[in-house]
Amino acid sequence: MIFKGEYIHQLIPQRPPIVMVDVVWSASETEAEAGLTVRQDNIFVDDGKLREAGLIEHIAQSAAAFAGCNNILSGEKPKLGFIGEIKDCCLSVLPEVGSELRTHVRLVTEIGGIRLISAEVRIGETIAATCLMKIFLKDD
Amino acid sequence: MLSGVVRICLNPDSSVYKGHFPGEPVSPGVCNLEMIRRCAAAVHHQPLRILRIKQCRMTSVMTPDTTPQADVNITLQETVPGVYRITAAIENGNVSYLTMKAEVADE
């Protein structure tokens, strides 16, 4: 594990109540692994389950933390990122409160300030979601 | 086939904007997605769950300052019992914020 708890704030521009990553397990220039334990007070939890928007935001912030790790290595601050496009996104499981999400994100391509990310969210051995996401990074 | 338009208001006091982003309130793309899910449920008169997003394009940034209100357009077509193809868009005047094609199911 390389980042945990409030140290995540160094990697991503989001702040509570919308922080959806609580650990970064590993990161390289091409891929990263991040996680989230779903808590009852998460704003995307409804009736004991993390809703679709929460799952996708977790993917987006895993990608943001991944980009943030690379920014930190080059001494930059995390940039604001916006989801430009979601494609081929399969939401198989709505994770229950207490679930530990472990998410693998991989950089498919990067052109200018646009990153294309492929992501897979697992709970144990079960695949909860897979997704392709285009993220626009805003330059300061 | 079932279709409808729901007019929504962004709540500038929502706690979401405290964290997304500090000093720069922007409606998170995934919240726009959640608006579609809830508006679709309102049109359908039954809760819906998103199974698969074929494509969702977020073309403009929505903020409570610049976009206090918007229209959510929903079209639902049943493919097999309880499963629907949804086409949805969020727009205001001639500005498009989001377009989506997905598969949803009765919850």
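Reading guide: rules and limits
Residues numbered from 1 in each chain as written. Chains lettered and ligands numbered in written order. Predicted model: local features only at pLDDT ≥ 70, side-chain atom pairs only at ≥ 80, totals over all residues. Heavy atoms only, no water. Helix = DSSP H or I, 4+ residues; strand = E, 2+ residues; numbered from the N terminus. Polar contact = N/O pair within 3.5 Å; in protein donor to acceptor, adjacent residues only side chain to side chain. Contact = heavy atoms within 4.5 Å. Axes fitted to C-alpha atoms, helices over the stretch in contact; angles between N-to-C directions. Parallel < 35°, antiparallel > 145°, perpendicular 65-115°, else oblique. Left-handed = near helix turned anticlockwise from the far one by under 90°. Nonpolar A, V, L, I, M, F, W, Y, C, P; charged D, E, K, R; others polar. Buried area = accessible area lost by both parts, 1.4 Å probe. Salt bridge = Lys/Arg side-chain N within 4 Å of Asp/Glu carboxyl O.

A. Inspection of the side chain of His44(B) at higher detail. All names here are of chain B. Relative to the assigned elements, His44 resides in helix H2 (residues 29-44). Polar contacts involving the side chain of His44 include one to the side chain of Tyr84, which spans 3.4 Å. If we ignore the near neighbours within four places in the chain, the residues touching His44 are Leu2, Leu76, Tyr84 and Asp106.

B. Examining the packing of helix H1 (residues 52-73) of chain A against H2(B) more closely. For the pair H1(A) and H2(B), interaxial distance at closest approach is 9 Å and the crossing angle is 160°. When the axes of H1(A) and H2(B) are compared, the pair comes out roughly antiparallel. H1(A) and H2(B) meet at a crossing whose hand is right-handed. On H2(B), the residues touching Glu52(A), Ala53(A), Ile56(A) and Glu57(A) of H1(A) are Val30(B), Leu33(B), Glu34(B) and Arg37(B). Across the contact of H1(A) with H2(B), the residue classes break down as four nonpolar, no polar and four charged.

C. A look at the interface of chain A and chain B. Counting from both sides, the interface comprises 29 residues of chain A and, opposite them, 28 residues of chain B. The contact between chain A and chain B buries some 2300 Å² in all, and 59% of this surface belongs to carbon and sulfur atoms. Applying the counting rule to chain A against chain B returns four salt bridges. A salt bridge links Arg37(B) to Glu52(A), with the nearest nitrogen and oxygen atoms 3.5 Å apart. Counting the contacts that link chain A with chain B gives 14 residue pairs in polar contact (both at pLDDT 80 or more). Breaking the side of chain A that touches chain B down by element, the ones donating at least two residues are H1 and strand E6 (81-91) of chain A. For the side of chain A that touches chain B, the element with the most residues is E6(A), which contributes eleven residues. Partitioned by chemical class, the residues of the side of chain A that touches chain B number 17 nonpolar, four polar and eight charged.

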